[in-house]
Amino acid sequence: MADPASVADTQAADFRARLGTRLVLWSTIALVLLGVVVMVGAYRSDNPNQILNTSQLLLSSLLPLFATWVGTVLAFYYTKENYQSATQGTLDIVKTINQRLASTRIVDVMMPRRSIIFQMVPVGGLGEVGLAEIEAKFAESGASGGKISRLHFFDAGGKAVAIMHRSVWSEMLVAGLREQPPIDVKIGTLARLLDKGYPSPVSQTFKDFITNTLVFIAIDRTLAEAKSAMEAKPGCQDVIVTQTGSQSEAVAGWISNIDIGRLSQA
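Here the structure is a predicted model, which is why all the values come from computation and not from measurement.

Enquirer: Requested: an account of the overall build of the chain, with residues and values cited.
Expert: Regarding its fold elements, the chain presents eight helices and nine strands. Here the chain, with 266 residues, has 31% of them falling under the buried criterion. Once local pairs closer than 6 in sequence are excluded, the contacts in the chain between residues at least 24 apart make up 58%.

What follows is the structure in structure tokens.
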């Protein structure tokens with residue numbers, strides 16, 4: 001059974017097509033008849049210049065009008081077709097990208113644990129991590145050859161505790177240097193910085209932000225599921241891969257928002 005909405009759209013399109021065709025046809029006939037009447041009237045006059053003047057008047061008056069009508073109708077139909085083609089093309093691209101993401105396994109595109117640069121978290125927690133250790137890690141080169149932009153924190157069991165972006169690290173240092181006395185990067189620890197204010201839609205402190213902006217997903221899932229999980233969590237830019245997607249399991253791999261964005265390109 002035909003969809004009533006589709007039938008209505010088809011009928012409306014047919015009506016517009018008939019209207020446009022009849023408008024151009026009858027307008028052309030009317031202009032021709034008007035021109036004939038005017039020319040006949042001019043011909044019946046005994047003034048030879050009247051015919052020339054009338055011809056020039058008709059040409060300068062009716063031709064632009066006719067051209068405008070035809071151009072308007074053509075523009076309407078071709079613009080509509082171009083818009084529909086562009087829209088359909090965009091939908092096809094989105095569909096293709098979604099199909100590709102849905103068919104791509106996380107395990108095939110993630111960065112494996114062995115390639116992740118991380119900082120070990122002592123038994124006492126994040127607060128006991130030395131600032132000098134973090135500074136040294138951010139000075140290391142990542143898989144791409146450049147300085148890393150994100151530092152992972154793993155506990156003794158290999159579980160993900162937090163992720164610190166370089167920009168957040170810079171803000172933490174600035175906040176610490178404003179203290180009296182200022183922090184000493186060479187001997188200080190994160191304990192003095194974690195509870196400092198870092199208001200955002202997902203946090204109130206630095207600790208909140210670096211521990212609550214990551215999601216976990218099972219290793220047998222697809223890239224489309226990882227993208228959905230990341231987008232569902234405000235502020236999230238990192239997906240941690242474990243065997244079953246549990247936060248209590250050791251890290252198997254990692255994929256960032258940059259990787260997902262790159263793999264989502266047409």
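Enquirer: Tell me about unusual backbone geometry, and please be specific about residues and values.
Expert: Cis geometry is adopted by the peptide bond preceding Pro 181, which originates at Gln 180 and carries an omega value of -5°. When you line up the elements, Pro 181 lands in the loop between α5 (166-177) and β5 (197-200).

Enquirer: How would you sum up the sheet that holds strand β9 (residues 253-256)? Please name residues and give values.
Expert: Strand pairing in a sheet relies on backbone hydrogen bonds, with the paired strands running either antiparallel or parallel. As summarised here, the arrangement of the four strands in space is β1-β9-β8-β7, forming an open sheet in which the pairing is mixed. The open sheet has two edge strands, β1 (111-112) and β7 (214-218), and neither has a second partner. Where β7 and strand β8 (residues 238-242) come together, five bridges link them in parallel fashion. Each bridged residue has a counterpart across the sheet, and for Leu 214 the counterpart in β8 is Asp 238.

Enquirer: How would you summarise the nonpolar core if you had to cite specific residues and measurements?
Expert: Residues Ile 134, Phe 153, Met 164, Trp 169, Met 172 and Leu 190 are the most contacted members of the largest nonpolar core, which totals 25 residues. Within the residue set of this core, elements represented by two or more residues are α4 (131-138), β3 (150-154), β4 (160-165), α5 and α6 (206-212). Counting residues per element, this core draws most heavily on α5, at five residues. Apart from residues no more than four positions distant in its own chain, Ile 134 is found in contact with Val 129, Leu 151, Phe 153, Met 164, Trp 169 and Leu 190. Of all hydrophobic cores here, the second largest spans 15 residues; its members include Ile 219, Ala 226, Met 230 and Val 241.

Enquirer: Quick rundown of the layout of surface pockets? Include the residues and the values.
Expert: Of the voids in this model, the largest pocket is the one considered here, and its volume is about 400 Å³. Among the elements of the structure, β3, β9 and α8 (257-263) are those that each provide at least two residues to the lining of the largest pocket. Of the residues forming the lining of the largest pocket, the biggest block, three residues, is contributed by α8. In terms of residue class, the lining of the largest pocket is made up of nine nonpolar, seven polar and four charged.

Enquirer: For α5, give the residues involved together with the corresponding values.
Expert: The first and last C-alpha atoms of α5 sit 17 Å apart over twelve residues, in line with the 16 Å expected at 1.5 Å per residue. Close packing links the buried residues of α5 with α4, β4, β5 and α6.

Enquirer: Account for a nonpolar patch on the surface, naming residues and giving values.
Expert: A surface patch of nonpolar side chains, about 420 Å² in accessible area, is lined by Leu 25, Trp 26, Ile 29 and Leu 33. Within the secondary structure layout, Leu 33 lies in helix α1 (residues 4-44). Residue classification places Leu 33 among the exposed positions, given a relative accessible area of 53%.

Enquirer: Explain the pattern of salt bridges to me, using residue names and the numbers behind them.
Expert: According to the stated counting rule, one finds ten salt bridges in the structure shown. Across the pair Arg 150 and Asp 238 runs a salt bridge, and its minimum N-O distance is 2.8 Å. Placement of Arg 150 in strand β3 and of Asp 238 in strand β8 is noted, with a sequence separation of 88 residues between them. Taken together, the salt bridges that share partners define one network made up of Glu 179, Arg 192 and Lys 196.

Enquirer: So what's going on with helix α7 (residues 223-232)? Residues and values would help.
Expert: Of the positions making up α7, those classed as buried are Leu 223, Ala 226 and Met 230. Taken down its axis, α7 places every buried residue within 55° of arc, on the same side. Opposite the packed face of α7, turned more than 90 degrees from it, sit the exposed residues Glu 231 and Ala 232.

Enquirer: For the sheet that holds β4, give the residues involved together with the corresponding values.
Expert: Strand order across the open sheet formed by three strands is β2-β3-β4, with mixed pairing between neighbours. Each edge of the open sheet carries a strand with a single partner, namely β2 (118-120) and β4. Going from strand to strand, the sheet's axes swing by 25° on average, the running direction of each strand aside. Here β2 pairs with β3 via three bridges, running parallel.

About the criteria used
- Residues numbered from 1 in each chain as written.
- Predicted model: local features only at pLDDT ≥ 70, side-chain atom pairs only at ≥ 80, totals over all residues.
- Heavy atoms only, no water.
- Helix = DSSP H or I, 4+ residues; strand = E, 2+ residues; numbered from the N terminus.
- Buried < 20%, exposed > 50% of the residue type's maximum accessible area, 1.4 Å probe, protein only.
- Contact = heavy atoms within 4.5 Å.
- Pairing = 2+ DSSP bridges.
- Core = buried A, V, L, I, M, F, W, Y, C linked by side-chain atoms within 4.5 Å.
- 1 Å grid on protein atoms, 1.4 Å probe; cavity = no way out; pocket = protein on both sides within 12 Å on 5 of 7 lines; lining within 4 Å.
- Points joined across faces, edges and corners; volume = space filled by probe spheres on them.
- Nonpolar A, V, L, I, M, F, W, Y, C, P; charged D, E, K, R; others polar.
- Expected span 1.5 Å × (residues − 1).
- Patch = residues over 30% accessible without salt bridge, like charges linked within 9 Å, V, L, I, M, F, W, Y side chains within 5 Å.
- Areas by Shrake-Rupley, 256 points an atom, 1.4 Å probe, with all protein chains shown as cover.
- Salt bridge = Lys/Arg side-chain N within 4 Å of Asp/Glu carboxyl O.
- Arc of directions from axis to C-beta.
- Axes fitted to C-alpha atoms, helices over the stretch in contact; angles between N-to-C directions.

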